[in-house]
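Close look at the chain arrangement
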Amino acid sequence: EDIIVGNTMVLYRVNMHKPLRLLRNLSIEVRMPFLQSFVRGCIGRYYAHEMHKAHSTFEKALELGNDIALVRRGFEEVHDTKKWLENHANWLPEYPMYLYERGRYLESRLMAWEEHQAHMEEITNGLTPEIVTVPQYKDILEAVRKADRPKEDNDGLGDVVRTDAQVQLYAFATMLLDESQPGWVTKNAPPSFEQTKNAPPEYFAQRKNFYKEDRAYMTTVRDKAIEIGYEDGLPESECVQKIKNELERMKILDATTLQACVRRGMSAYYKTQVDEAKKTLGEALSLGNDIVLLRKGFEQGDSTEEWLSKMSHLPISVVPKLYEEGRALEERLVAWEQHQAYLEGLIEGKSEMDVTVALYIELKAAIDKADADKADNGLGDVVRTEAQVELYTKVVNMIKDSEPGQVDAEAGPALESLVRADMQDVKDKADRIGYSTETTKKIDHVLERLIYIDEEAPACLKVVDGVRMHKVLEEAKGYKHTNDALVEIERLFTLPEKEFVQMELDTAVKLGDKKREIHRRIRLKEIFYEDEGQKFVPHIASGHMRDGQYFAKSAGAMCGKNKIIEGQNKWTKGKLPAPLTVLPNEDLDADKKDIPDEVKEMTKMLKKQFKNLQYAMGDKKSKKAEKFTQEYLQFGVDNPGIRNELYYQIIKQLTENPDPESVKKGYDVLALCLRTFLPSDDFVDYLVMWIRTHPDLNDEVTLYTSALHQKQFEEEETKQVPALSNLRKDIRALKEEGSRFSIPIGAFTGPSNEKHQSIDVRKFNQQFVTRGNLL
C-alpha cells in the first residue's frame, strides 16, 4: 500500500507520509479561516473608510449648497468606491444612494445658476447706469426676476445658494436697474394694479409726488419716458399712459375752476334747503298728527326739487326715505280727518237719547274702525289730535248711554248668569227698540227653552217617562233652572233603578203603552239577571237535565260509566247515547220493555237531530249542512215539548269545543233557534244566563238576547221555518240595529243602571264581572 505504480513512474510513500498529511490538513483547517477573516476585515474597513469619506464630502457639499466642485468630487469618490466594490468585494453592501440623489439635484440647480450667471455676465458686460437702454433694461429686469423667482414659478432660481461672485453679479444687475433712466421712470411713475395690490406702504411713499398732482414733475417723468422710448412693452408702461391722462385732466381743470366755485356755492344753498326740509319732515313724523307741519315739509322739499332739476351736476333725490314716510303719514292723517268729518256728521245735533238702532250700528262700526289695526283697514295706528280724542270719547259715551248700548252692556252678563229675570228684562228692552244681536238671539232661545222645560217637566213626570225626564233634567241643569217638577224628578232619580223602572212599567200599563211596557219588562228582567242571575247558573241546575247515572244507563254501557257521565255536557264528535233531558211521559226507573213507544220514537228522533246538529256545525262533514240545519229548526218548531233538549244539545257542542270554526257555526245555529222557537218558561232564565256568561268568539251577547226578545214579544207563532237566508238577514239586522223590543245599547234605562253587574261563570268562581248594559 506504500507503493503506487504508474505508467511512467513509481511512487513510494515513506512511513511518515500519513502523519505529515494529517498535520497539513489540520493546519489548513485551523489557519485558513483565521487568515480569511483577517483579509475580509481589512477589505471591509477599507470599504467603510472610502464610503465614509465620500459621505462626508457629500454632506459638506450639501451643507454649503453652492460648491459644485465639491459635489463633483463626492461623485468621483462614490464612483471609485463602487467600481472597487464591484471588482473586489461584491459581497459587501452597496453605497446608500439618498445623499447621491440629493447631490445630483443640487448639481443640476448649481449648473442652472452657472448658466444664468454666464447669461447675466453677458448682458451686463461693460454697462454703466448712464448707458443702459430700454431693451437692455428689459433683459436685465427679466434676468433679475428669474433669479428671485422660486423654482415652481416658471423654473426660477430663488432657492439656489449663491456664491460670492454670483451675489456680486446680482447686486451689480440690481444697481443697473435702479440707477438707469428706465429704472428712474419706473420708480417715479404711477404704479400699475399688479404692482400695488400687495405693495407695502413704503411703495406709495416713494411716489408721493404723483399723488400731489405735481404737474411739472409728471411732465418731467413723461418727457423722460418719451425720450428714452419707454412707453410700451412692459407692464409699467400703463403708468406712463396714466401720466398723460392726468396732464390732460389738469388742462381741463384750469378751464373749469371758476365753474367749480360757483357750483360749491350752489351746493351750499342746496344743502341748506335740504336740511331745512329734512328737519321739518322729521319733526312732523315725530309728532305723528300735525298734517300742517307735514305739508310744510313737502312744500320745502318740492321747491328744492324744482330748483334742483335745473342743476344737473347735483344729485336729484332730496331725502327719499323721509319723503316716503311723510307721504304715508299724510295718507293716514287724511283718512282720520275724513273719518272725523264722518263722525261729526253722524252726531251733529244729537244726544244719547236720539240714538236709534240704525245710528247705533253706524256709530259702533265707526268706533270699531277707529280702533282696528291698519291691516284690518282700521285707523288704530294713527296718532290723534286733541280734537279727535275729544270727538272719539264723546261718541263712545253716546254709544254707551244709548238704549241699544245699554242692551249690549246688560245682555252679556245676563246670558252668562242665566238669571231669568235679567234675561227677560234684556229681551223686553231689545224688543221695544227693535234691536237684535247674536247675544239677544241666544237669550231668546234660552227663555224659550225655559218655557219648554216648565211645560215638559210636569208632563213627563206625570207619565213617568224616564227618557224624557232625564233629557229635561239635563237641559235644566245646563240652564241652572229648577222648579217643583224638576225637584221631584231629581228625587225619583235617587231611587233604586228597580223601583223606578217598576213605576215606569205601571204607568205604561195604565196608559196602554204596549211598546214602553215591553221595554220596561225587559229592563226589569235585566235588573233581575244582574241582581239574582247567579241563581240560574249553571244551566244544568234547571231540573230538566237527565241525571248522569240514568244517562250512562241509557247508553247501555257496562263499563266506563264515569267517562260517559263526565262527557254528558261536553262537546263530542261521536253519537249521542241518550237524550240530555228527561222526555215527556218518561219514567227513568222503568224497564226497557215498559218504556212507551212514543218515548222510544222520540229518543231515536233526538239522536238523529243531534247528528243533524253535528252536520250543521261541521263536526261531521257534509255538503248539505244547510239542509240539516233546516231540519233541526223545523223539528224544534214542530215539537214544543222537546225544545229544551235542542238547546241543551247546542250548549253541549259549544262546551270545550276545540274547533273555532265549529264554535262559530254552533253560535249561528243558536241564533237561528232563538229567532225561530223559544225554550220553556222555566228554562229560559237558565238559557239567558248561559248566553250572558258564554259570549261568542266576538264577545257578542246582545245579538242572541235580541233574537230571544224578538221571538218572545212578536204576536205570530212560527209554523214553518223560513229560508235560512231570510233568517240570517234578520239576525244581521238585529246585530246592527237590535230588536224593536230590545233596549238600544247606551240608552237611558233608569237612574242607577250603571251600578248593576252581570255574572261570568266561565271562571267557575261565582264572581261578578262588569258588562254594562248588554241589552
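Small disclaimer: the values here were computed from a predicted structure and weren't measured.

Looking now at the overall build of the chain. Along its length, the chain carries 31 helices and four strands. In the chain, which comprises 775 residues, the proportion classed as buried is 40%. The long-range fraction of contacts in the chain, counting pairs at least 24 apart against all pairs at least 6 apart in sequence, stands at 70%. Accessible surface for the chain amounts to roughly 45200 Å². Of this, 53% is attributable to carbon and sulfur atoms.

Its location among the elements puts Pro584 in the loop between helix H24 (561–566) and helix H25 (597–617). You can call Pro584 partly exposed: its relative accessible area is 46%. Along the primary structure Pro584 and Gly641 are separated by 57 residues, whereas in three dimensions their C-alpha atoms are 7.1 Å apart. For Pro584, the contacting residues outside a window of four places in its chain are Val599, Gly641 and Ile642.

Once that is clear, we can look at helix H27 (residues 643–654). Here H27 contains twelve residues, and its C-alpha end-to-end distance of 17 Å stays within 8% of the 16 Å for a straight helix at 1.5 Å per residue. Of the positions making up H27, those classed as buried are Arg643, Asn644, Glu645, Leu646, Tyr647, Tyr648, Gln649, Ile650, Ile651, Lys652, Gln653 and Leu654. Where H27 is buried, its residues meet H25, helix H26 (625–638), helix H28 (660–676) and helix H29 (681–693).

Another point: the pattern of salt bridges. For the structure on display, the rule yields 25 salt bridges. Here Arg468 ties to Glu456 by a salt bridge, and the two come within 2.7 Å at their closest N and O atoms. Within this pair, whereas Arg468 is found in helix H19 (residues 466–478), its partner Glu456 is found in helix H18 (residues 438–462), the two being separated by twelve residues in sequence. For Arg468, a relative accessible area of 31% corresponds to the partly exposed category. Put simply, Lys627 and Glu631 hold a salt bridge, and the shortest N to O gap is 2.9 Å. Taken as a pair, Lys627 and Glu631 lie in helix H26 at a separation of four residues, close to a single helical turn. Residue Glu631 is classed as partly exposed on the basis of its relative accessible area, which comes to 28%.

Next up on the list: the packing of aromatic side chains. Enumeration over the complete set of coordinates arrives at ten aromatic pairs. Between Tyr648 and Phe683 the ring centres are 4.9 Å apart and the planes differ by 25°, which places this aromatic pair in the stacked class. Remark: Phe683 occurs in helix H29 and Tyr648 occurs in helix H27; sequence separation between them is 35 residues. Taken as a pair, Tyr648 and Phe683 share a single burial class, namely buried. Above the face of the Tyr170 ring, Arg162 is positioned so that its terminal group lies 4.6 Å from the ring centre.

The relative placement of two packed helices is expressed as an angle between their axes plus a distance between the axes. The contact between H25 and H27 brings their axes to 11 Å, and the two run at 45°. Between H25 and H27, the crossing angle belongs to the class labelled oblique. In this structure, H25 crosses over H27, and the sense of that crossing is right-handed. For the pair formed by H25 and H27, the contact residues are Leu606, Gln609, Phe610, Leu613, Gln614 and Met617 on the first element and Glu645, Leu646, Gln649, Ile650, Lys652, Gln653 and Leu654 on the second.

Below, the discussion takes up the packing of H25 against H28. Viewed as axis vectors pointing N to C, H25 and H28 meet at an angle of 120°, and their least axial separation amounts to 8 Å. When the interaxial angle is binned, H25 and H28 end up oblique. Two secondary-structure elements touch here, H25 through Leu613, Ala616 and Met617 and H28 through Ser662, Lys665, Gly666 and Val669. When the residues that make up the contact of H25 with H28 are grouped by side-chain class, the tally is four nonpolar, two polar and one charged.

What follows deals with the environment of Glu631. The spacing of Glu631 and Asn612 is 19 residues in sequence and 7.5 Å in space, taken between C-alpha atoms. Contact partners of Glu631, with chain neighbours within four places excluded, come to Gln609 and Asn612. A polar side-chain atom of Glu631 sits 2.9 Å from a polar atom in the side chain of Lys627.

Among the structural elements, Asp696 can be located in the loop between H29 and helix H30 (702–713). At 2.8 Å, the side chain of Asp696 forms a polar contact with the side chain of Tyr704.

Turning next to unusual backbone geometry. The linkage connecting Val537 with the following residue, Pro538, adopts the cis geometry, with an omega of 0°. With respect to the helices and strands, the residue Pro538 is situated in the loop between helix H22 (514–532) and helix H23 (548–554). Here Leu418, not a glycine, exhibits a phi torsion of approximately 60°, which is positive. Note on placement: Leu418 falls in the loop between helix H16 (403–417) and helix H17 (420–433).

Right, let's talk about the side chain of Arg162 for a bit. Looking at the element boundaries, Arg162 is found in the loop between helix H4 (134–148) and helix H5 (164–179). At 2.8 Å, the side chain of Arg162 forms a polar contact with the backbone oxygen of Ala147. Apart from the residues lying within four places of it in its own chain, the contact partners of Arg162 are Asn66, Trp113, Ala147, Asp148, Leu157, Val167 and Tyr170.

Residues Ile3, Val5, Val10, Tyr12, Val14, Met16, Leu20 and Leu23 make up a contiguous nonpolar surface patch of about 860 Å² in total accessible area. Among the elements of the structure, strand E1 (3–5), strand E2 (10–12) and helix H1 (17–64) are those that each provide at least two residues to the nonpolar patch.

Averaged over all residues, the pLDDT of the chain equals 78, while 79% of them reach at least 70. Note on residues 192–197: pLDDT is under 50 here. Beyond four places in sequence and across chains, it has eleven contacts.

A few words on the environment of Pro596. The residue Pro596 is located in the loop between H24 and H25 in this model. Residue Pro596 is classed as partly exposed on the basis of its relative accessible area of 28%. Spatially, the C-alpha atoms of Pro596 and Glu586 are 7.8 Å apart, while their sequence positions differ by ten residues.

Thresholds applied
- Residues numbered from 1 in each chain as written.
- Predicted model: local features only at pLDDT ≥ 70, side-chain atom pairs only at ≥ 80, totals over all residues.
- Heavy atoms only, no water.
- Helix = DSSP H or I, 4+ residues; strand = E, 2+ residues; numbered from the N terminus.
- Buried < 20%, exposed > 50% of the residue type's maximum accessible area, 1.4 Å probe, protein only.
- Contact = heavy atoms within 4.5 Å.
- Areas by Shrake-Rupley, 256 points an atom, 1.4 Å probe, with all protein chains shown as cover.
- Expected span 1.5 Å × (residues − 1).
- Salt bridge = Lys/Arg side-chain N within 4 Å of Asp/Glu carboxyl O.
- Phe/Tyr/Trp six-rings, centres within 6.5 Å; stacked < 30°, edge-to-face > 60°.
- Lys NZ or Arg CZ within 6 Å of the ring centre and 35° of its normal.
- Axes fitted to C-alpha atoms, helices over the stretch in contact; angles between N-to-C directions.
- Parallel < 35°, antiparallel > 145°, perpendicular 65-115°, else oblique.
- Left-handed = near helix turned anticlockwise from the far one by under 90°.
- Nonpolar A, V, L, I, M, F, W, Y, C, P; charged D, E, K, R; others polar.
- Polar contact = N/O pair within 3.5 Å; in protein donor to acceptor, adjacent residues only side chain to side chain.
- Patch = residues over 30% accessible without salt bridge, like charges linked within 9 Å, V, L, I, M, F, W, Y side chains within 5 Å.
- pLDDT = per-residue confidence, 0-100.

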